[in-house]
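Chain by chain, the residues run as shown.
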Amino acid sequence: MATAEDRPFYSFGYGPAAVASLQSRTARDHAGFFLPELVPPMTVLDLGCGPGSITIGLAEVVSEGRAVGVDIEPGQIQLAIENAAKRGVQNCTFDVGNVEDLPYEANSFDAVFGHTILLQFRDPSRVLNEVVRVLRPGGVVGFRETDFGAALAFPEDSAHARVFATLRESIIRNDGFPDIGRELPALLSRTGLRIARSSASYHSAITETDRKRRQRWLENTWSEGEFVSRAVSDGWLTQAERDDVAESLSAEKDDPSVFFAMTYCECVARSVV
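Residues numbered from 1 in each chain as written. Predicted model: local features only at pLDDT ≥ 70, side-chain atom pairs only at ≥ 80, totals over all residues. Heavy atoms only, no water.

**Things to note about the environment of Arg133**
Here is step 1 of the chain: Structurally, Arg133 is set in helix α5 (residues 125-134).
Here is step 2 of the chain: Looking at Arg133, the relative accessible area reads 29%, which means it is partly exposed.
Here is step 3 of the chain: Beyond its immediate stretch of four places on either side in the chain, Arg133 contacts Leu102, Tyr104, Glu105, Ala106 and Asn107.
Here is step 4 of the chain: Only 2.8 Å separates the side chain of Arg133 from the side chain of Glu130, close enough to count as a polar contact. (Helix = DSSP H or I, 4+ residues; strand = E, 2+ residues; numbered from the N terminus. Buried < 20%, exposed > 50% of the residue type's maximum accessible area, 1.4 Å probe, protein only. Contact = heavy atoms within 4.5 Å. Polar contact = N/O pair within 3.5 Å; in protein donor to acceptor, adjacent residues only side chain to side chain.)

Structure follows, in structure tokens:
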């Protein structure tokens, strides 16, 4: 089976800021569009589960069913196991595995969910073929993916926008697909899945608490993010530009006129019975 070393550099990284962001995700906020499809005692697979915060929420929804999280990074799987134990959720398990080569038998799951996982692949067809393989006939699939190209920013050259522009470029250079959201229905259809519904939404920092949390994430990500360091070492971002963004982020901290919203596209589909 392929390992983490076989995959290109993961742009989001596993630094403290990145892990904290992953830990803050919940099924209610990030899989809300998919939860109405889940009923006990379904078995649901969470692709690229990270530290398991979404998986645990899915497990709670299917109650006497079961949720399984899979991720290529062993450290994230260990965190997921610990988080489930802390929450006292016993109907979920976690496995180290590659989403392009899932370690499960065919027809193993009633539902498959993925959040910002397909964007890591310029061609996600291998992942989607694996999804179809492990999904039972009539099973349901839900994906929520970014569309960096449709994000909203004001001013357009704000430090906020420049952080996300750098992340977008890092994903592209890593053979990823940061604007995949708009193509989700087409990609799922080409895999033989029947589209049930599609939607799009924006995520932005609305309240003062949200803005402070976003500001901390931006500053920490820009100072410690491996994708930023890689951009500098690879020569497509200068150290002077990095320093300028850091300074501008600090200046924007108390400016309520600065706005940024990331676009997410959601799609629910079913396998053919």
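**A short note on the packing of aromatic side chains**
Here is step 1 of the chain: All chains considered together, the criterion is met by 6 aromatic pairs.
Here is step 2 of the chain: A centroid spacing of 6.2 Å and a plane angle of 45° characterise the contact between Phe33 and Phe113, whose relative ring orientation is tilted. Highlighted residues: Phe33 in the loop between α2 (27-30) and β1 (43-47) and Phe113 in strand β4 (residues 109-115), separated in sequence by 80 residues.
Here is step 3 of the chain: Judged by relative accessible area, Phe33 falls into the buried class, the value being 16%.
Here is step 4 of the chain: Ring geometry for Tyr104 against Phe109: centres 5.2 Å apart, planes inclined by 85°, an arrangement best described as edge-to-face. We note that Tyr104, like Phe109, is buried.
Here is step 5 of the chain: Three or more aromatic residues joined by ring pairs make a cluster, and in this case those are Phe33, Phe34 and Phe113.
Here is step 6 of the chain: Sitting over the face of the ring of Phe177, Arg122 holds its NZ or CZ atom 4.4 Å from the ring centroid.
Here is step 7 of the chain: Just above the ring of Tyr264 sits the side chain of Arg144; from NZ or CZ to the centre is 4.0 Å. (Phe/Tyr/Trp six-rings, centres within 6.5 Å; stacked < 30°, edge-to-face > 60°. Lys NZ or Arg CZ within 6 Å of the ring centre and 35° of its normal.)

**Some details on the nonpolar core**
Here is step 1 of the chain: Membership of the largest hydrophobic core comes to 45 residues, with the highest contact counts inside it found for Leu45, Leu47, Leu102, Tyr104, Val112, Leu118 and Phe143.
Here is step 2 of the chain: Apart from the residues lying within four places of it in its own chain, the contact partners of Phe143 are Phe33, Leu47, Gly114, Ile117, Leu118, Leu128, Val131, Leu184, Leu188, Cys265, Glu266 and Cys267.
Here is step 3 of the chain: Core analysis: the second largest hydrophobic core is formed by 25 residues, Met42, Ile56, Ala80 and Val140 among them. (Core = buried A, V, L, I, M, F, W, Y, C linked by side-chain atoms within 4.5 Å.)

**Section: α5**
Here is step 1 of the chain: Among the residues of α5, those classed as buried are Val127, Leu128, Glu130, Val131 and Val134. All buried residues of α5 project into a common sector of 155° when viewed along the axis, lining one side.
Here is step 2 of the chain: Packing partners of the buried residues in α5 comprise β1, β4, β5 (135-146) and α7 (184-190). (Arc of directions from axis to C-beta.)

**Quick word on helix α4 (residues 74-87)**
An α-helical turn contains 3.6 residues, so a residue and the one three or four places further along point in the same direction.
Here is step 1 of the chain: An ideal rise of 1.5 Å per residue puts 20 Å on 14 residues; α4 measures up with 20 Å between its terminal C-alpha atoms.
Here is step 2 of the chain: For α4, every residue scored as buried is listed here: Gln76, Ile77, Ala80, Asn83 and Ala84. Considered in projection along α4, the buried side chains sweep an arc of 120° and stay on one side of the axis. For α4, exposure combined with an orientation more than 90 degrees from the buried face picks out Ala85 and Lys86.
Here is step 3 of the chain: Close packing links the buried residues of α4 with α1 (16-23), α3 (53-62), β2 (66-71) and β3 (92-96). (Expected span 1.5 Å × (residues − 1).)

**Comments concerning the pattern of salt bridges**
Here is step 1 of the chain: Evaluation of the coordinates by the stated rule reveals 14 salt bridges.
Here is step 2 of the chain: Because the salt bridges share partners, they merge into one network encompassing Glu37, Arg197 and Arg270. (Salt bridge = Lys/Arg side-chain N within 4 Å of Asp/Glu carboxyl O.)

**Notes on the pairing of β5**
Here is step 1 of the chain: Burial analysis of β5 places 9 of its 12 residues in the buried class, the great majority of the element.
Here is step 2 of the chain: Relative to β5, β4 is paired through 6 bridges, and the arrangement is parallel. Looking at the pairing, Phe109 lines up with Leu135 of β5.
Here is step 3 of the chain: Read from β4 through α5 to β5, the crossover connection turns out right-handed.
Here is step 4 of the chain: Here 7 bridges tie β5 to strand β8 (residues 259-270), and the two strands are oriented antiparallel to one another. From the neighbouring strand, Arg144 faces β8, where its bridge partner is Glu266. (Pairing = 2+ DSSP bridges. Right-handed = clockwise from strand over helix to strand, strands pointing away.)

**Observations concerning the state of the cysteines**
Here is step 1 of the chain: Summed over all chains, the structure comprises 0 disulfides.
Here is step 2 of the chain: Considering cysteine sulfurs only, Cys49 is the nearest to Cys92, which forms no disulfide, with 9.5 Å between them.
Here is step 3 of the chain: You can see Cys267 has no disulfide; the closest cysteine sulfur is in Cys265, sitting 9.4 Å from it. (Disulfide = S-S within 2.5 Å.)

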